[in-house]
Amino acid sequence: MLDELLHRVSNHTPRDLETDRRFPEAAVLVPITRSDEPELVLTLRASGLSTHGGEVAFPGGRRDPEDPDLIFTALREAEEEIGLPPGLVEVIGPLSPLISLHGIKVTPYVGVIPDYVEYQANDAEIAAVFSVPLEFFRKDPREHTHRIDYQGHSWYVPSYRFEGYKIWGLTAIMIVELVNLLYDAGIDLHTPPKTFINT
């Protein structure tokens, strides 16, 4: 089942993002556990960080000048943040890049990892490492919807809550693309859901 889903990712052509090439770059790893009920591994960033402190995110960060490519960046950062050895990650392919609120071009890479990894959170950066069943997002159990006006378009981004963790923003946009790709979930980020209240 998982291999069939991953085949969709490897054949996926991410949306192109036409940007000024001067944007600094970053990459995140979207880790999926190889198990009968695959899970996404996420982090809660330490509250004292200057950017995205206290927010849920995939492991990742800024590209260093010596990084040969963005996949290397994603794997390096995942090892630094949660102790995930790069050799345990089977990189499947990229999702569509996004521009963060801080003006950074972020490229997500989907990777498969074993489901027995013991994570070692870097306390300076990561407050917690947790996992969420992919099936949870497939049903689009949004708590509410954030409207984000970006590049002349309105995006209606779900905000999820799982065991006390709030999952929203760029991370939620990445998850929606993944779930739509894997499951044909049909979650539309450009049309307000029936439950959306314009405040």
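First, a word on what this report is: a plain description of the structure on this page. If you're wondering where the values come from, they're calculated on a predicted model, not measured in any experiment.

### What about the sheet that holds strand 9 (residues 144–150)?
Okay, so step 1: The strand order across the open sheet formed by three strands is 9-10-11, and the pairing between neighbours is antiparallel. Edge strands, defined here as strands with exactly one partner in the open sheet, are strand 9 and strand 11 (165–167). On average, each strand axis in the sheet is tilted by 25° relative to the strand beside it, whichever way the strands run.
Okay, so step 2: Direction of pairing for strand 10 (residues 153–162) relative to strand 11: antiparallel, over a ladder of three bridges. Paired with Phe 162 across the bridge in strand 11 is Tyr 165.
Okay, so step 3: Sitting on the sheet, helix 4 (residues 169–183) is in contact with strand 10 and strand 11, with an inclination near 95° to strand 10.

### Focus: the environment of Leu 98
Okay, so step 1: Structurally, Leu 98 is set in strand 6 (residues 98–99).
Okay, so step 2: For Leu 98, a relative accessible area of 5% corresponds to the buried category.

### A few points about the pattern of salt bridges
Okay, so step 1: Counted according to the given criterion, the structure contains 13 salt bridges.
Okay, so step 2: Two residues, Asp 184 and Arg 8, come together in a salt bridge whose shortest N-O distance is 3.2 Å. On the criterion of sequence distance, the pair formed by Asp 184 in the segment after helix 4 and Arg 8 in helix 1 (residues 2–10) is long-range, its members being 176 residues apart.
Okay, so step 3: Here the salt bridges share partners, and the residues they tie into one network are Asp 64, Asp 67, Arg 76, Glu 77 and Glu 80.

### Observations regarding the environment of Thr 33
Okay, so step 1: With respect to the element layout, Thr 33 can be found in strand 1 (residues 25–34).
Okay, so step 2: For the pair formed by Thr 33 and Leu 2, sequence separation is 31 residues and the distance between their alpha carbons is 9.3 Å.
Okay, so step 3: Contacts of Thr 33, omitting those with residues within four sequence positions, involve Leu 2, Pro 38, Glu 39, Val 41, Ile 113, Pro 114 and Asp 115.
Okay, so step 4: Within the local environment of Thr 33, its side chain forms a polar contact with the backbone nitrogen of Glu 39, the two atoms lying 2.9 Å apart.

### Some words on the packing of helix 1 against helix 4
Okay, so step 1: Where helix 1 contacts helix 4, the two axes come as close as 8 Å, and the packing angle between them is 115°. Where helix 1 crosses over helix 4, the two elements pack in a sense that is right-handed. Contacts between helix 1 and helix 4 involve Leu 5, Arg 8 and Val 9 from the former and Leu 178, Leu 181, Leu 182 and Tyr 183 from the latter.
Okay, so step 2: Residues that form the contact of helix 1 with helix 4 fall into these classes: six nonpolar, no polar and one charged.

### Some words on the environment of Asp 115
Okay, so step 1: Among the secondary structure elements, Asp 115 is positioned in the loop between strand 7 (105–114) and strand 8 (126–133).
Okay, so step 2: Put simply, Asp 115 and Leu 5 are 110 residues apart on the chain and 17 Å apart in space, counted from C-alpha to C-alpha.
Okay, so step 3: Apart from residues no more than four positions distant in its own chain, Asp 115 is found in contact with Thr 33, Arg 34 and Ser 35.

### Here's the deal with the packing of aromatic side chains
Okay, so step 1: Applying the stated criterion across every chain yields a total of five aromatic pairs.
Okay, so step 2: Judged by centre distance (6.4 Å) and plane angle (70°), the ring pair of Phe 136 and Tyr 160 falls under edge-to-face. Taken together, the residues span a long stretch of sequence, with Phe 136 in helix 3 (residues 134–138) and Tyr 160 in strand 10 at a distance of 24 residues. Grouping residues by exposure puts Phe 136 and Tyr 160 together as buried.
Okay, so step 3: Judged by centre distance (5.1 Å) and plane angle (70°), the ring pair of Phe 136 and Phe 162 falls under edge-to-face. Of this pair, Phe 136 sits in helix 3 while Phe 162 sits in strand 10; the two residues are 26 residues apart in sequence, bridging distant segments of the chain.
Okay, so step 4: For Phe 136, a relative accessible area of 18% puts it in the buried group.
Okay, so step 5: One aromatic cluster is present, built from ring pairs that chain together Phe 136, Phe 137, Tyr 160 and Phe 162.
Okay, so step 6: The ring of Trp 168 carries Lys 166 above its face, with NZ or CZ at 4.8 Å from the centroid.

The rules behind the values
Residues numbered from 1 in each chain as written. Predicted model: local features only at pLDDT ≥ 70, side-chain atom pairs only at ≥ 80, totals over all residues. Heavy atoms only, no water. Pairing = 2+ DSSP bridges. Helix = DSSP H or I, 4+ residues; strand = E, 2+ residues; numbered from the N terminus. Axes fitted to C-alpha atoms, helices over the stretch in contact; angles between N-to-C directions. Contact = heavy atoms within 4.5 Å. Buried < 20%, exposed > 50% of the residue type's maximum accessible area, 1.4 Å probe, protein only. Salt bridge = Lys/Arg side-chain N within 4 Å of Asp/Glu carboxyl O. Polar contact = N/O pair within 3.5 Å; in protein donor to acceptor, adjacent residues only side chain to side chain. Left-handed = near helix turned anticlockwise from the far one by under 90°. Nonpolar A, V, L, I, M, F, W, Y, C, P; charged D, E, K, R; others polar. Phe/Tyr/Trp six-rings, centres within 6.5 Å; stacked < 30°, edge-to-face > 60°. Lys NZ or Arg CZ within 6 Å of the ring centre and 35° of its normal.

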